[in-house]
Amino acid sequence: MNGKIYTNSFDNPLTPITKSLYLQALKCQNAFHLIREGVIQKPNTASFGGYLEWGDFLSLCKGLFPDTPTVEKSTNREESIEISANYLKQNISHFGSQLRFQNFVGSVELMEYDKERDGWILWDFRPIGSIKQDILRSFFFYQKLVEGLGYRVLGFKLIRIQTKFVYKGGEIPSEDYLLIDDVTPRMESEFGVREEEWNLFLQTIQTGNEGNFPYSFLANKPSCRSLKTCLSPSHCAKGKEAAKEIFDYRDSSELAKQWFQSGYSSYESVPDSELSPIQKIQKESHRSGKVHFDTMALSQYLSNVTKSVAFLDFESINPYLPIYPETKPFQHIPYLYSLHIWDQETDTLTHKTYLHDDLGSDPRKNVMEHLQNDLPKGITIFSFNDFFEKLIIQESSSVFPEYLEFWDSIKSMFIDLALPFKKLWIYHPGQNGKASLKEILPCFSDESHFGLTIREGQDANYQYLRLIKKQVTAEEKKRVLEDLIAYCKLDSYGLFLIYRMLQERLSVI
């Protein structure tokens, strides 16, 4: 009725099984049922800003198959399914094929008919640089739909991105930018694995939610990794939801499962004999509620810091369709930095920032020019996970060689402020095992990203790319740029607060 399958109880409609639901079932059987029955929402797997570039990427892919019709997406899915069925019956290749077999529905990017062999090649278009397992699983799902409809599947091909492609300007040449992989041999070699997954999936459907293993992460072939990533602990681990915290122990993905089976349900319940030195630090910090502080390690770590120090944070975009000459797909392009400079002797904090607001031009040269002017010579530079900041400066200097000397003068001055938290030289129980700036900052200061409009780097990436790709009002542009500056400023200011906290603790111990 209306393309839906109904349960025996209360006649509640179940969502048709899509490819994404199938993949969810392979990750967690319980979550599959809960999503399908409308108990919990399907997790959002879409990346920030992906749709901003998808249309252009799709056009490049379609350009390889001229005169091939497209099944346009319609609010009336039945209409799209009917159009696709007619193309299939007439052996006509087409984009966006909408398929339905029993209660399975799916959309194949391209159904290509091979006249000589009288069968179909299934194509997928992915703006990625490598082949992942979920792509192969998706192909198998499509295969089951096509074969269920009575058609012969001959092979599988994937279009992805050539990550070594260097953009020279103008239109992007499809033949250089796109890679075509014939994954048929791999699909054939892994057929047994895919078939086993499919049979397990069918069994999941037939047994229903009540027949699933109560803790998916403890099954012989676990479909989810841990209780920490569970979409609904109240359903999957009823009465043991609090045990989620033992999965916060560092480096404990497999150990935590054993601890859970042993009945441990909190940091304190895990015996010291089963913990690593780092995990023991976590346990003691949570037990006492006190901050762990390794004075010797931190003193050595900060021993060569200059009297004046800088705290640097970049924001960037990394489009998979290159925008600026001499860039590659997914390369991070800086458009904004925030720089706090602290003179410890005078306790003076200075803030400098640069935001490239000319959205039609390459921001890198201007970013490098302003940073060279704003950054004092010969001082220590703190960044959080400094590999990112150093890579941005290095790559920008390679394109604009006038800044190579600047890069050479500062690359040895960087110190990674994330290192003490990764090594657990310092640990606050409020971190709950995490070591990101967003988690650390509220533990050691009154500052937090929570009150900002933009709260994470992915969103900052998306917002600036949106300004480039979409038409927005002057008022909207002004608001977004101000939000970006505020976000980046808090990141570098947060580094200052953390560093000052470390210095103050060292001075009183």
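Above this text is the structure in question.
Residues numbered from 1 in each chain as written. Predicted model: local features only at pLDDT ≥ 70, side-chain atom pairs only at ≥ 80, totals over all residues. Heavy atoms only, no water.

**Quick notes on the overall build of the chain**
Okay, so step 1: Within the chain, the regular secondary structure consists of 19 helices and 14 strands.
Okay, so step 2: Along the longest, intermediate and shortest principal axes, the C-alpha atoms of the chain span 80 × 60 × 45 Å.
Okay, so step 3: For the chain, the residues scored as buried account for 48% of the 509 residues in total.
Okay, so step 4: Sequence-distant contacts, at least 24 apart, represent 66% of the contacts inside the chain between residues at least 6 apart.
Okay, so step 5: Across the chain, the mean location of the 57 positive side-chain charges is 3 Å away from that of the 67 negative side-chain charges. (Helix = DSSP H or I, 4+ residues; strand = E, 2+ residues; numbered from the N terminus. Buried < 20%, exposed > 50% of the residue type's maximum accessible area, 1.4 Å probe, protein only. Contact = heavy atoms within 4.5 Å. Lys, Arg positive; Asp, Glu negative; His and termini not counted. Charge placed at Lys NZ, Arg CZ, Asp CG, Glu CD.)

**Considering the sheet that holds strand β5 (residues 119-125)**
Okay, so step 1: The mixed open sheet is built from 5 strands, whose spatial order is β3-β4-β5-β6-β7. Of all strands in the sheet, those with a lone pairing partner are β3 (94-101) and β7 (178-182), marking the two edges. Each strand of the sheet is rotated relative to its neighbour by a mean of 40°, with strand direction disregarded.
Okay, so step 2: The pairing of β3 with strand β4 (residues 104-114) spans 7 bridges and is antiparallel. (Pairing = 2+ DSSP bridges. Axes fitted to C-alpha atoms, helices over the stretch in contact; angles between N-to-C directions.)

**As for the packing of helix α5 (residues 133-148) against helix α8 (residues 191-207)**
Okay, so step 1: At a minimum axis separation of 11 Å, α5 and α8 run at an interaxial angle of 70°. As judged from the angle between their axes, α5 and α8 are roughly perpendicular. Like other packed secondary-structure pairs, α5 and α8 cross with a definite hand, here right-handed. Where α5 abuts α8, its residues Gln-133, Leu-136, Arg-137, Phe-140, Phe-141 and Lys-144 lie against Phe-191, Arg-194, Glu-195, Glu-197 and Trp-198.
Okay, so step 2: Taken together, the residues of the contact of α5 with α8 break down into 5 nonpolar, 1 polar and 5 charged. (Parallel < 35°, antiparallel > 145°, perpendicular 65-115°, else oblique. Left-handed = near helix turned anticlockwise from the far one by under 90°. Nonpolar A, V, L, I, M, F, W, Y, C, P; charged D, E, K, R; others polar.)

**A look at the pattern of salt bridges**
Okay, so step 1: By the definition in use, this model includes 27 salt bridges.
Okay, so step 2: For Arg-186, the salt bridge is made with Glu-190, and the minimal N-O distance between the two is 2.9 Å.
Okay, so step 3: By relative accessible area, which is 32% here, Arg-186 ends up partly exposed.
Okay, so step 4: On the accessibility criterion, Glu-190 (18% relative accessible area) is buried.
Okay, so step 5: Beyond isolated ion pairs, a larger network of salt bridges with shared partners links Lys-27, Asp-134, Arg-137, Arg-186, Glu-190, Arg-194 and Glu-197. (Salt bridge = Lys/Arg side-chain N within 4 Å of Asp/Glu carboxyl O.)

**Brief notes about the side chain of Asp-114**
Okay, so step 1: Tracing the backbone shows Asp-114 in strand β4.
Okay, so step 2: Within the local environment of Asp-114, its side chain forms a polar contact with the side chain of Arg-117, the two groups lying 3.0 Å apart.
Okay, so step 3: Beyond its immediate chain neighbours, meaning those up to four positions away, Asp-114 contacts Gly-119, Ile-121 and Leu-154. (Polar contact = N/O pair within 3.5 Å; in protein donor to acceptor, adjacent residues only side chain to side chain.)

**Structural notes on the pairing of strand β11 (residues 348-355)**
Okay, so step 1: The sheet contact formed by strand β10 (residues 333-343) and β11 spans 8 bridges and is antiparallel. From the neighbouring strand, Trp-342 faces β11, where its bridge partner is Leu-349.
Okay, so step 2: Counting the residues between successive antiparallel strands, the hairpin from β10 to β11 contains 4 residues, one of them, Asp-347, with a positive phi of roughly 50°.

**Here we look at helix α4 (residues 77-89)**
Okay, so step 1: With 13 residues, α4 extends 18 Å from end C-alpha to end C-alpha; this agrees with the ideal 18 Å at 1.5 Å per step.
Okay, so step 2: Among the residues of α4, Ser-80, Ile-81, Ser-84, Tyr-87 and Leu-88 are the ones counted as buried. Each buried residue of α4 lies within a common arc of 120° when the element is viewed along its axis, so the set occupies one face. Opposite the packed face of α4, turned more than 90 degrees from it, sit the exposed residues Glu-82 and Lys-89.
Okay, so step 3: Elements in contact with the buried residues of α4: β3, β4 and β5.
Okay, so step 4: With a side-chain oxygen positioned 3.1 Å from the backbone nitrogen of Glu-78, the residue opening α4 is Asn-76.
Okay, so step 5: Trailing α4 by a residue or two, Asn-91 shows a phi angle of about 60°, which is positive. (Expected span 1.5 Å × (residues − 1). Arc of directions from axis to C-beta.)

**Points about the nonpolar core**
In a soluble, globular protein the nonpolar side chains are often hidden away together inside.
Okay, so step 1: Counting 51 residues, the largest nonpolar core has Phe-382, Leu-417, Leu-484 and Tyr-499 as its most contacted members.
Okay, so step 2: Contributing elements (two or more residues each) for this core: α12 (295-301), β9 (308-317), β10, α17 (437-444), α18 (457-469) and α19 (474-508).
Okay, so step 3: In terms of residue count, α19 provides more of this core than any other element does, 14 residues in total.
Okay, so step 4: Ignoring anything within four residues of it in the chain, the contact list for Leu-417 reads Tyr-301, Phe-382, Ser-383, Phe-384, Leu-495, Ile-498, Tyr-499 and Leu-502.
Okay, so step 5: Residues Ile-35, Tyr-113, Trp-120 and Trp-198 belong to the second largest nonpolar core, which totals 34 residues. (Core = buried A, V, L, I, M, F, W, Y, C linked by side-chain atoms within 4.5 Å.)

**Considering the packing of helix α1 (residues 19-27) against α8**
Okay, so step 1: Their axes nearest at 10 Å, the elements α1 and α8 cross at an angle of 90°. Put simply, α1 runs roughly perpendicular to α8. Mapping the contact onto sequence places Tyr-22, Ala-25 and Leu-26 in α1 and Arg-194, Glu-197, Trp-198 and Phe-201 in α8.
Okay, so step 2: Class assignment for the residues of the contact of α1 with α8 results in 5 nonpolar, no polar and 2 charged.

**Some words on α1**
Note: α-helices contain 3.6 residues per turn, so residues at a spacing of three or four share the same orientation.
Okay, so step 1: Where α1 is concerned, the buried positions are Leu-21, Tyr-22, Leu-23, Gln-24, Ala-25 and Leu-26.
Okay, so step 2: For α1, the secondary structure elements touched by its buried residues are α2 (29-36), α5 and α8.

**Things to note about the sheet that holds strand β13 (residues 414-416)**
Okay, so step 1: Across the sheet, 5 strands lie side by side as β11-β10-β9-β12-β13; this open sheet has mixed pairing. Among the strands making up the open sheet, the edge pair consists of β11 and β13. On average, adjacent strands in this sheet sit at an angle of 25° to one another, irrespective of strand direction.
Okay, so step 2: As judged from the 3 bridges shared by β9 and strand β12 (residues 380-383), these two strands associate in the parallel manner. In the sheet register, Phe-311 faces β12, and the bridge partner there is Phe-382.
Okay, so step 3: Contacting β9, β10, β12 and β13, helix α14 (residues 387-399) runs over the sheet at an angle of about 70° to β9.
Okay, so step 4: Relative to β9, α18 is tilted by about 55°, and along the sheet it contacts β9, β10 and β11.

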